[in-house]
Amino acid sequence: MSVSTAAVDPSLCAPLPVLGADVTVPLVTGGEVTYAALDYAASAPALRRVWDDVAAYAPYYGSVHRGAGYLSQLSTDLFESSRAAVAEFLGCREGDQVVFTRSTTDSLNLLAAVLPADCRVFVFETEHHASLLPWGDSRVTCLDAPRTPAQAVATLERALADREPYGPALVCVTGASNVTGELWPVRELAAAAHAHGARIVLDAAQLAPHHPVDIAELDVDWVAFSGHKLYAPFGSGVLAGRSDWLLEAEPYLAGGGASRSVTRRADGGVDVQWHTTAARHEAGSPNVIGVYAIASACRALTEAGFPALVARERALVDRVRAGLAEVPEVRVLSLFGDDAPRVGVISFVVDGWNSSHFAAALSAEYGIGVRDGLFCAHPLVRTLLDGEPREPGECGAPEAGPGEKSLNAIRVSFGAGTPDEHIDRFLGAVRELVGGGARWTYRTEDGRCVPDRGAAQV
């Protein structure tokens, strides 16, 4: 595979301290319980280290690239040193640029905006919507879901070889699926892309929080990821990699910060010289708090040691998969099979249960936060379920009976901040719900499945 998962004793790494570890939530059945956050794939809790770093900087907050005062200069230095920290975290090559954005979605839309006009884009139907939708239908070739990593590489090679005309091309691929958690053969796909004159961007939103990502080692052209999945809140993202297409294109956003010089012409128009650095695509006042949070998270994960983090998470994945395998009614979703390496993202369906109802019961009756639905990866989940989804929030719809297809799924996800107790509570709750049913009735409210507090307890 493309990402090293060297064996390390899991006991060497305790959960990293995160915010919210002591938050209690009410149960519909009475009392309170410590919240078990098992929805890391959507947004991971902030590392305590990140929060402390941001809090220490906050009194010194100032404008970036726009002031002569001490706090402005300090904030500018912090912003640019954060860029250097992210470049080091990603193993950027000489000449690569780190552009700060709002999220993975924003990063990939930025890349879409700077593609050459005749560039073709190749994506698998397995991609999250952030990497499936930005390119526009007219230039996209959507590839069928592969069932092995080797099939993924072979499918891409055929598509690239057969493209007509044989011009510029970009491949966009996830590093780890946000539905199955499975690792994709990134290095092999990059080699296939380059062999056929194409470039490749890695969507590392689900990979970077769980594994080291090295642009040079993987030989990808760009990497995109989000801070809020990397234990860093405040809404920033990253697009890092080759500079040529970025510098040849008009700025993604026009405005202050992107412009180096603006002059008025005699005819009433303006002439603009744009920056030839990452600032070209960072118009407006930058989110220095979000950027610093990402840099802090990068340093914290590096200092904790990815080998130990990976090994501990692998042990948690094995525990969850083994526990779910003991419940015959549960089917775990997978593209590449049980032996595929994966991060802490697992989706499943429960025979006889509506997934929204099941997730609502985990929250209301056990204080466990998971996600249900199609996970902004509709084509992939539909392929895995081999069925059509019911409308969002339809938790009162008839449950799938034995042998019937499930129409949406449940996702449990975890990472460096997850205590063992949360995994044990989740598995215990699954066994109790499947064995005895929910203790409450549920209804749809504002598109969500919630306890029906006006109904009698089951």
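These numbers were taken from a predicted model, which means no experiment stands behind them. (Residues numbered from 1 in each chain as written. Predicted model: local features only at pLDDT ≥ 70, side-chain atom pairs only at ≥ 80, totals over all residues. Heavy atoms only, no water.)

K.L.:
An account of the nonpolar core is needed here, citing residue identities and associated values.
P.N.:
Within the largest apolar cluster, 84 residues are counted, with the highest numbers of intra-cluster contacts made by Leu90 and Phe225. In terms of residue count, the dominant contributor to this core is helix H9 (residues 288-304) (ten residues). Those residues in contact with phenylalanine 225, other than ones at most four positions away along the chain, are Val86, Leu90, Ser103, Thr104, Ala204, Ala205, Ala208, Leu230, Gly237, Val238 and Ile294. Counting 36 residues, the second-largest nonpolar core is a separate cluster that includes Phe348, Ala361, Ile410 and Cys449. (Core = buried A, V, L, I, M, F, W, Y, C linked by side-chain atoms within 4.5 Å. Buried < 20%, exposed > 50% of the residue type's maximum accessible area, 1.4 Å probe, protein only. Helix = DSSP H or I, 4+ residues; strand = E, 2+ residues; numbered from the N terminus. Contact = heavy atoms within 4.5 Å.)

K.L.:
Describe the sheet that holds strand S6 (residues 140-143), with residues and values.
P.N.:
Overall, mixed pairing links the seven strands, which are arranged S4-S10-S9-S8-S7-S5-S6 in an open sheet. The strands lining the two open edges of the sheet, one partner per strand, are strand S4 (97-101) and S6. In this sheet, neighbouring strand axes are inclined to one another by 20° on average, regardless of whether the strands run parallel or antiparallel. Examined bridge by bridge, S4 and strand S10 (residues 237-241) share five bridges and lie antiparallel to one another. Opposite valine 99, over in S10, you have leucine 239 as the bridge partner. Together, S4, strand S9 (222-226) and S10 form the strand contacts of helix H2 (residues 70-89), whose direction differs from that of S4 by roughly 115°. Docked against the sheet, helix H3 (residues 104-114) engages S4, strand S7 (169-174), strand S8 (199-203), S9 and S10, running at close to 150° with respect to S9. (Pairing = 2+ DSSP bridges. Axes fitted to C-alpha atoms, helices over the stretch in contact; angles between N-to-C directions.)

K.L.:
Which residues make up the pairing of strand S12 (residues 270-274), and what are the values?
P.N.:
In this sheet, S12 lies alongside strand S11 (residues 259-264) in antiparallel orientation, the contact comprising five bridges. Residue pairing for S12: threonine 263 is matched across the bridge by aspartate 271. Where S11 folds back on S12, the antiparallel hairpin that results is connected by five residues, among which glycine 268 adopts a positive phi of roughly 100°.

K.L.:
Could you give an account of unusual backbone geometry, with specific residues and numbers?
P.N.:
Looking along the chain, the bond that leaves glutamate 164 and enters proline 165 is cis, with omega of 5°. The residue phenylalanine 375 is not glycine, and still its phi comes out positive at about 60°. Given the relative accessible area of 1%, phenylalanine 375 is considered buried.

K.L.:
Account for empty space enclosed by the protein, naming residues and giving values.
P.N.:
Considering all chains together, one arrives at two cavities of 30 Å³ or more under this definition. Within this model, the largest cavity holds a volume of roughly 70 Å³. Around the largest cavity, the lining is made up of eleven residues, and of these Tyr231, Leu309, Glu313, Gly415 and Ala416 lie nearest the centre. When the residues that make up the lining of the largest cavity are grouped by side-chain class, the tally is seven nonpolar, two polar and two charged. Approximately 30 Å³ is the volume attributed to the second largest cavity. In terms of lining, the second largest cavity is formed by Tyr40, Ala41, Ala44, Gln206, Pro209, His210, Lys229 and Tyr231. (1 Å grid on protein atoms, 1.4 Å probe; cavity = no way out; pocket = protein on both sides within 12 Å on 5 of 7 lines; lining within 4 Å. Points joined across faces, edges and corners; volume = space filled by probe spheres on them. Nonpolar A, V, L, I, M, F, W, Y, C, P; charged D, E, K, R; others polar.)

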